Amino acid sequence: MTVTLEVTAGVGAIRLDRPPMNALDVATQDRLRELAEEAGRRDDVRAVVVHGGEKVFAAGADIKEMQAMDHAAMVVRSRALQDAFTAVARIPKPVVAAVTGYALGGGCELALCADFRIAADNAKFGQPEIQLGLIPGAGGTQRLSRLVGPSKAKDLIFTGRMVKADEALVIGLVDRVVPAAEVYEQAHAWAAKLAQGPALALRAAKEAIDAGLETDLETGLAIERTWFAGLFATEDRERGMRSFVEEGPGKAKFL
C-alpha cells in the first residue's frame, strides 16, 4: 500500500509510503482519501498524524503520470485530486503534519490540510508548479493564501522557489521547527494529548474555525453559537463542568 493507517492509543498515523520520494500518483491520492475518510469515521481515532517517514514528506505529484494526461483527462481527474486533499482537511478531529525533507507541490498542499504543522530543521517547502507551466491544483492557491496571506503565497507560487524550515516558520507556513529525529515523536505527542480531550468539543471547535473563515463575521458567530449551545447536550460537557466544580480546572477525564 502506498498509504497506510495505524492506530495507537487514539492516534491514527496516516503514512505516505511510496519510495523514494512519496510522489503522489493517482493511486496514492485515492488511497489517501479512503484512509482520511476512515480516520474520520473510526471511534478509536481521536487525533491524526500525517507523515512520510524519516527522510521525505512528499515531493509532489507523479510528473511522468501527469505528463501523459491531456486536457480532457485532467478535467475529470482534477476534482478527484482536490477531493483527496479535502478529505484530509475535513477529518473532524485534530490533524498534525510531521514534515521531514521535501514537502513540494502536492506535498506542501497536503501539509496545508493539517491543523498544525511540525517541521524538521531540514524540511523544505514549495509550490514549484509554475516551473511546469502550471499552477497548484490540490488547494495550494487557496489554502496557502489563507494561511500565510496573499502576498507571501504569490511570492511562492509565482516564483516556484523553495523555502527552508526557518523561513517557513517566520511566514507562518509551519508552527514549530524541531530536529529531524524528533519530528514524528513531537507530532505524535501533540496528537496524543488532544486525543485525550473531549472529542465532540474538538470537532465543534475545528468546524467553527474552518467554516467561519470562509464567511463573514456575523455568519461565523452564528456557527459558533450553534455549536456552543449544542455541546450542552453532551456527556463530555457534563463531565467537564462537574470536574471543574468538584476538583478544579484541568482535571477532567474524557475517555
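Note: the structure precedes this text.
Residues numbered from 1 in each chain as written. Predicted model: local features only at pLDDT ≥ 70, side-chain atom pairs only at ≥ 80, totals over all residues. Heavy atoms only, no water.

Some points on the overall build of the chain
Okay, step 1: Helix and strand content of the chain: eleven helices and nine strands.
Okay, step 2: Scaling as 2.2 N^0.38, a compact globule of 255 residues should have a C-alpha radius of gyration of about 18 Å, and the chain matches this with 19 Å.
Okay, step 3: The C-alpha extent of the chain, read off along each of the three principal axes, is 60 × 40 × 35 Å.
Okay, step 4: In the chain, which comprises 255 residues, the share counted as buried stands at 43%.
Okay, step 5: As displayed, the chain offers around 13,500 Å² of accessible surface, 56% of which is attributable to carbon and sulfur atoms.
Okay, step 6: For the chain, the centre of its 31 positive side-chain charges and the centre of its 35 negative side-chain charges are spaced 1 Å apart. (Helix = DSSP H or I, 4+ residues; strand = E, 2+ residues; numbered from the N terminus. Rg over C-alpha atoms; globule rule 2.2 N^0.38 Å. Buried < 20%, exposed > 50% of the residue type's maximum accessible area, 1.4 Å probe, protein only. Areas by Shrake-Rupley, 256 points an atom, 1.4 Å probe, with all protein chains shown as cover. Lys, Arg positive; Asp, Glu negative; His and termini not counted. Charge placed at Lys NZ, Arg CZ, Asp CG, Glu CD.)

What about the environment of Ala 222?
Okay, step 1: Tracing the backbone through its elements, the reader meets Ala 222 in helix α10 (residues 217-230).
Okay, step 2: Note on Ala 222: relative accessible area 25%, which makes it partly exposed.
Okay, step 3: In this structure the C-alpha to C-alpha distance between Ala 222 and Ala 195, which are 27 residues apart in sequence, comes to 27 Å.

Notes on helix α8 (residues 183-195)
Okay, step 1: Relative to the 18 Å expected for 13 residues at 1.5 Å per residue, α8 spans 18 Å between its end C-alpha atoms, a close match to the ideal helical length.
Okay, step 2: Those residues of α8 lying buried are Val 183, Ala 187, Trp 190, Ala 191 and Ala 195. Across the axial projection of α8, the buried residues extend over an arc of 140 degrees, all falling on one side. In α8, the exposed positions that point more than 90 degrees away from the buried face belong to Glu 185 and Lys 193.
Okay, step 3: Lining the buried residues of α8 we find β2 (11-16), β3 (47-51), β4 (95-99), β6 (116-120) and β9 (176-178). (Expected span 1.5 Å × (residues − 1). Arc of directions from axis to C-beta. Contact = heavy atoms within 4.5 Å.)

Brief notes about the packing of aromatic side chains
Okay, step 1: A full pass over the atoms with the stated rule returns two aromatic pairs.
Okay, step 2: Measuring from centroid to centroid gives 5.0 Å for Phe 116 and Trp 190, while their planes differ by 5 degrees, and the two rings are stacked. Taken together, the residues span a long stretch of sequence, with Phe 116 in strand β6 and Trp 190 in helix α8 at a distance of 74 residues.
Okay, step 3: Take Phe 116: its relative accessible area is 17%, and that puts it in the buried class. (Phe/Tyr/Trp six-rings, centres within 6.5 Å; stacked < 30°, edge-to-face > 60°.)

Things to note about the nonpolar core
Most often, soluble globular proteins keep nonpolar side chains buried together rather than apart.
Okay, step 1: Formed by 46 residues in total, the largest nonpolar core has its most connected members in Ile 14, Phe 57, Phe 125 and Leu 173.
Okay, step 2: It is helix α3 (residues 71-89) that provides the largest number of residues to this core, a total of six residues.
Okay, step 3: Contacts of Ile 14, omitting those with residues within four sequence positions, involve Val 3, Thr 4, Leu 5, Leu 32, Leu 35, Ala 36, Ala 39, Val 48, Val 49, Val 50, His 51 and Ile 91.
Okay, step 4: In this structure, Val 11, Ala 47, Phe 116 and Ala 195 belong to the second largest nonpolar core, which totals 14 residues. (Core = buried A, V, L, I, M, F, W, Y, C linked by side-chain atoms within 4.5 Å.)

Considering a nonpolar patch on the surface
Okay, step 1: A contiguous nonpolar surface patch, about 250 Å² in accessible area, is contributed by Met 21, Tyr 102 and Met 162.
Okay, step 2: Topologically, Met 21 is positioned in the loop between β2 and α1 (26-41). (Patch = residues over 30% accessible without salt bridge, like charges linked within 9 Å, V, L, I, M, F, W, Y side chains within 5 Å. Salt bridge = Lys/Arg side-chain N within 4 Å of Asp/Glu carboxyl O.)

Regarding the sheet that holds β9
Okay, step 1: The strand order β1-β2-β3-β4-β6-β9 describes an open sheet built from six strands, whose pairing is mixed. Bordering the open sheet on either side are β1 (3-8) and β9, each of which pairs with just one other strand. Ignoring strand direction, the axes of neighbouring strands in this sheet form an average angle of 20 degrees.
Okay, step 2: As judged from the five bridges shared by β2 and β3, these two strands associate in the parallel manner. Its bridge partner being in β3, Gly 12 is matched across the sheet by Val 48.
Okay, step 3: α1 contacts β1, β2 and β3 of the sheet and is inclined by roughly 20 degrees relative to β1. (Pairing = 2+ DSSP bridges. Axes fitted to C-alpha atoms, helices over the stretch in contact; angles between N-to-C directions.)

Points about the environment of Lys 251
Okay, step 1: Note that Lys 251 resides in the segment after α11 (235-247).
Okay, step 2: Of the residues examined, Lys 251 reaches a relative accessible area of 49% and is grouped as partly exposed.
Okay, step 3: Separated by 181 residues in the primary sequence, Lys 251 and Asp 70 have C-alpha atoms spaced 58 Å apart.
Okay, step 4: At 3.3 Å, the side chain of Lys 251 and the backbone oxygen of Glu 247 are in polar contact. (Polar contact = N/O pair within 3.5 Å; in protein donor to acceptor, adjacent residues only side chain to side chain.)

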